[in-house]
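A closer look at the structure
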Amino acid sequence: MSLKPAVSSTDHTQGKTNADIIIVEYGDYQCPYCGAAYPVLKEIMKEYGNKIQFVFRNFPLSEMHRYARPAAIAAEAAALQGKFWEMHGAIFENQEYLNENLLLELAEKLGLDIHQFNTDIKKPEVADKIDSDFESGLMSGVNGTPSLFVNGRKFNGGAEDLLQLMSEIVK
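Counting of residues starts from 1 at the beginning of each chain's written sequence and follows it residue by residue. Reporting in this predicted model follows two pLDDT cut-offs: at least 70 for local features of residues, and 80 or more for side-chain atom pairs to be given and counted; totals over whole chains, interfaces and linings ignore these cut-offs and use all residues. To get the side-chain values, take all heavy atoms of the structure and skip hydrogens and water.

Quick notes on the overall build of the protein chain
Formally: Helix and strand definitions follow DSSP, with helices as H or I runs of at least four residues and strands as E runs of at least two, each counted in order from the N terminus. For a compact globule the rule gives 2.2 Å times the number of residues to the power 0.38, and the radius of gyration it is set against comes from C-alpha atoms.
The helix and strand tally for the protein chain stands at 7 helices and 5 strands. N-terminal to C-terminal, the α/β element order of the protein chain is β-β-α-β-α-α-α-α-α-β-β-α. In terms of C-alpha radius of gyration, the protein chain reaches 15 Å, essentially the compact-globule figure of 16 Å for 171 residues. Structurally, the protein chain occupies a C-alpha span of about 45 × 30 × 30 Å along its principal axes.

Printed below as a string of structure tokens:
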């Protein structure tokens, strides 16, 4: 399966812009497998972040994970204040305590304007971004999380396999 649509300015990216290697993760903030992949992906960025670009797209499995969508909304609301990656990391690092109260605590800890944050989480464009990510996941053949794509192609392996691959191909 291939990635649809291609990575664009609407995506949350980190690492090198115009990198030769682009990794896209479709993730769910409450998924234990995404939680396990998070430190590995963080390690990949630490090692190779100056050579690769990493993209996160929301794919909340709301039927299974009650707080997946609220967490995605919190991350998108944080993005409006320029703190997407900080919230992204904070949610995964506190995944076992995930609930609405935690999301508000994290927003406070990150120094977000709480009044603005509480307004932003209700904005339709925040929900639309998550829905758009989810739709793109469905179009790309995502059927579980985390789903990883490397240069637009589905990567059939986990984050550990990806770390191994990076060590072989990134010089």
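Digging into the packing of aromatic side chains
Counted only if it meets this: Think of it this way: a Phe, Tyr or Trp ring, Trp meaning its six-membered ring, pairs with another when their centres are within 6.5 Å, and the plane angle makes it stacked under 30 degrees, edge-to-face over 60, tilted otherwise. Partly exposed residues are those whose accessible area sits between 20% and 50% of the maximum for their type, while under 20% is buried and over 50% is exposed, using a 1.4 Å probe and protein chains only.
What the rule picks out here adds up to 10 aromatic pairs. Measuring from centroid to centroid gives 5.8 Å for Tyr26 and Phe149, while their planes differ by 70°, and the two rings are edge-to-face. Here Tyr26 is found in strand β2 (residues 21–27), whereas its partner Phe149 is found in strand β4 (residues 147–150), with 123 residues between them in sequence. For the residue pair Tyr26 and Phe149, the accessibility class agrees, reading buried in each case. Arranged with centres 5.0 Å apart and planes meeting at 40°, the rings of Tyr29 and Phe92 form a pair that is tilted. A residue pair is termed long-range when its members are at least 10 positions apart, and Tyr29 in the loop between β2 and α1 (32–48) and Phe92 in helix α3 (residues 84–93) qualify at 63 residues. Among the residues examined, Tyr29 registers a relative accessible area of 1% and is labelled buried. Among the aromatic residues, those joined into a cluster by ring pairs are Tyr29, Tyr38, Phe54, Phe56, Phe84, Trp85 and Phe92.

Focus: the pattern of salt bridges
Here is the rule: Think of a salt bridge as a Lys or Arg side-chain nitrogen and an Asp or Glu carboxyl oxygen that are within 4 Å of each other.
Taken as a whole, this structure holds 5 salt bridges when the rule is applied. For Arg57, the salt bridge identified is with Asp11, shortest N-O distance 2.8 Å. With Arg57 in strand β3 (residues 52–58) and Asp11 in the segment before β1 (12–15), the pair connects residues that are 46 residues apart, well separated along the chain. Comparing Arg57 with Asp11 shows no difference in burial state: the two are buried. Glu93 is paired through a salt bridge with Lys42; the nearest N and O atoms lie 3.2 Å apart.

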